[in-house]
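# Overview (structure and organization)
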Amino acid sequence: MKVEQISEHIWSLKSWLLIPVRVWVVTADDGVTLVDAGLPFMTTGILRFIDSLNAGPLQRILLTHGHSDHVGAIRGILDRYAVPVYAHRIEIPYMEGALPYPRRKKPARSVAKGLAAPLAESPDGQLEPIAGLKPYLTPGHSPGHVVYYHEQDRVLLAGDLFTSKNGQLRRPMPMFTADMAEAVKSSAIVQELMPRRLEVCHSGPVFAAGEQVAEYMRMYG
């Protein structure tokens, strides 16, 4: 597992299974937050890194979405740390196997029923900040896909909202994307936030991504 500190409060942990698979460790005053949980074989590396960081205990796991390559280490991590797991309320029925993901014939359970709790929402439906991160609903790759913006570090943890190539934004993988048109529409959040650095799960980082979004939407919209 390759570890890289990408900002004051955020580390990227990367492994490979044909393609890169990243998760992110975020520190705050109360301890550590894990964003996404990768694949099962990443469990030991994630736990060892959190222990080595000496930044306090793991407090929570935040999911961008419920696909199997983003939740695989959860069970092993929960055996060590009994922490809450959060996802968007729209995503939970799909990841629990109550509904089939769009473009899939059958439901596929990636987490046990009741394991994930919904991210907190304000009365007007906005997702509440958590551990220094502001979640935004960005559907398309999956119905309840969420990105997390670290406002202080100006880093956007974008899950599978995009892939990238040579520092340029590219579409998420079509084979695994429920609604590509909706995913491209959701990319407008980057223009709103203008992050200094954008991280995606299966490709490298993108800098000044907000300057690319208009062209990205023209190319793929």
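Residues numbered from 1 in each chain as written. Predicted model: local features only at pLDDT ≥ 70, side-chain atom pairs only at ≥ 80, totals over all residues. Heavy atoms only, no water.

On to the pairing of strand β3 (residues 19-28), then. Of all ten residues in β3, seven are buried; the element is thus mostly enclosed. Note: strand β2 (residues 10-17) against β3, eight bridges, orientation antiparallel. Bridge assignment links leucine 13 to a residue of β3, and that residue is valine 23. Where β2 folds back on β3, the antiparallel hairpin that results is connected by one residue, among which leucine 18 adopts a positive phi of roughly 70°. Two strands pair when backbone bridges link them, and β3 and strand β4 (residues 31-35) are joined in this way by five bridges, in the antiparallel orientation. (Buried < 20%, exposed > 50% of the residue type's maximum accessible area, 1.4 Å probe, protein only. Helix = DSSP H or I, 4+ residues; strand = E, 2+ residues; numbered from the N terminus. Pairing = 2+ DSSP bridges.)

Turning our eyes to something else, we now look at the packing of aromatic side chains. Aromatic ring pairs are reported here in terms of the distance separating the ring centres and the angle at which the planes meet. Inspection of the entire model under this criterion finds four aromatic pairs. For the ring pair phenylalanine 162 and tyrosine 216, a centre distance of 5.1 Å and an interplane angle of 75° mean the geometry is edge-to-face. Highlighted residues: phenylalanine 162 in the loop between β10 (155-157) and β11 (163-165) and tyrosine 216 in helix α6 (residues 213-220), separated in sequence by 54 residues. An identical accessibility class is assigned to phenylalanine 162 and tyrosine 216; each is buried. On the basis of an interplanar angle of 65° and a centroid distance of 5.0 Å, the ring pair of tyrosine 216 and tyrosine 220 is categorised as edge-to-face. With tyrosine 216 and tyrosine 220 both in helix α6 and four residues apart, the pair spans about one turn of that helix. On the basis of relative accessible area, tyrosine 220 is assigned to the partly exposed category, the value being 23%. Taken together through their ring pairs, the aromatic side chains of Phe162, Tyr216 and Tyr220 make up a single cluster. Residue placement shows lysine 134 over the ring face of tyrosine 136; its charged tip is 4.6 Å from the ring centre. (Phe/Tyr/Trp six-rings, centres within 6.5 Å; stacked < 30°, edge-to-face > 60°. Lys NZ or Arg CZ within 6 Å of the ring centre and 35° of its normal.)

What follows deals with the environment of glutamine 152. Looking at the element boundaries, glutamine 152 is found in the loop between β9 (146-150) and β10. In this structure the C-alpha to C-alpha distance between glutamine 152 and alanine 112, which are 40 residues apart in sequence, comes to 34 Å. Each residue touching glutamine 152, except ones within four places of it in the same chain, is listed here: Glu8 and His9. (Contact = heavy atoms within 4.5 Å.)

Evaluation of the coordinates by the stated rule reveals seven salt bridges. Here glutamate 121 and arginine 89 are joined by a salt bridge, their closest N and O atoms 2.6 Å apart. Here glutamate 121 is found in the loop between β7 (116-118) and β8 (133-137), whereas its partner arginine 89 is found in the loop between β6 (85-87) and α3 (92-95), with 32 residues between them in sequence. Judged by relative accessible area, glutamate 121 falls into the partly exposed class, the value being 27%. Judged by relative accessible area, which is 47%, arginine 89 ranks as partly exposed. In this structure, glutamate 215 and arginine 218 form a salt bridge, with 2.9 Å as the shortest nitrogen-oxygen distance. On the criterion of helical spacing, the pair formed by glutamate 215 and arginine 218 is a turn pair, its members being three residues apart in helix α6. Take glutamate 215: its relative accessible area is 40%, and that puts it in the partly exposed class. For arginine 218, a relative accessible area of 60% corresponds to the exposed category. (Salt bridge = Lys/Arg side-chain N within 4 Å of Asp/Glu carboxyl O.)

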